[in-house]
Amino acid sequence: VQLVESGGGLVQPGGSLRLSCAASGFTFSNYVMYWYRQAPGKERDLVAVITTDGRGTNYVASVKGRFTISRDNAQNTVYLQMNSLKPEDTAVYYCCVFTDRYYWGQGTQVTVSS
């Protein structure tokens, strides 16, 4: 299993970023996918989850209405569209899948600052 995140960077408050996670080594369309984030000095927290067919999603309260998780099963990719970004969204963002155990990508840094 391999998960590779991309799309992070430095953005001003109110800005947008789109994260991508390219998956390989498993049958992507069969598995629920997750986005997590970890801010400095804090635990890694769940941000969003998406069902295998992409029709079901759920979000942590702090990002509802601002973030959108989606997936492309043909491309084995899961996305996180992040709008109206706030400084408190600053974190390393990870995608995750549970097959026989939890697998994580290397993470992508998102910094929201003026």
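Residues numbered from 1 in each chain as written. Predicted model: local features only at pLDDT ≥ 70, side-chain atom pairs only at ≥ 80, totals over all residues. Heavy atoms only, no water.

**Structural notes on the environment of alanine 22**
Right, on to step 1. Position of alanine 22 relative to the elements: it lies in strand 3 (residues 17-24).
Right, on to step 2. C-alpha of alanine 22 to C-alpha of aspartate 72: the two residues are 50 residues apart in sequence and 9.9 Å apart in space.
Right, on to step 3. Apart from the residues lying within four places of it in its own chain, the contact partners of alanine 22 are Gln2, Leu3, Val4, Asn76 and Thr77. (Helix = DSSP H or I, 4+ residues; strand = E, 2+ residues; numbered from the N terminus. Contact = heavy atoms within 4.5 Å.)

**Re the pattern of salt bridges**
Right, on to step 1. Here the structure, examined in full by the defined rule, presents three salt bridges.
Right, on to step 2. The residue arginine 55 makes a salt bridge to aspartate 53 at a minimum N-O spacing of 4.0 Å.
Right, on to step 3. Arginine 55 sits in the exposed class, given a relative accessible area of 77%.
Right, on to step 4. The residue aspartate 89 makes a salt bridge to arginine 66 at a minimum N-O spacing of 2.7 Å. Of this pair, aspartate 89 sits in the loop between strand 8 (77-82) and strand 9 (91-98) while arginine 66 sits in the loop between strand 6 (57-59) and strand 7 (67-72); the two residues are 23 residues apart in sequence, bridging distant segments of the chain.
Right, on to step 5. Given the relative accessible area of 0%, aspartate 89 is considered buried. (Salt bridge = Lys/Arg side-chain N within 4 Å of Asp/Glu carboxyl O. Buried < 20%, exposed > 50% of the residue type's maximum accessible area, 1.4 Å probe, protein only.)

No statement about biological role is implied by the geometric values presented.
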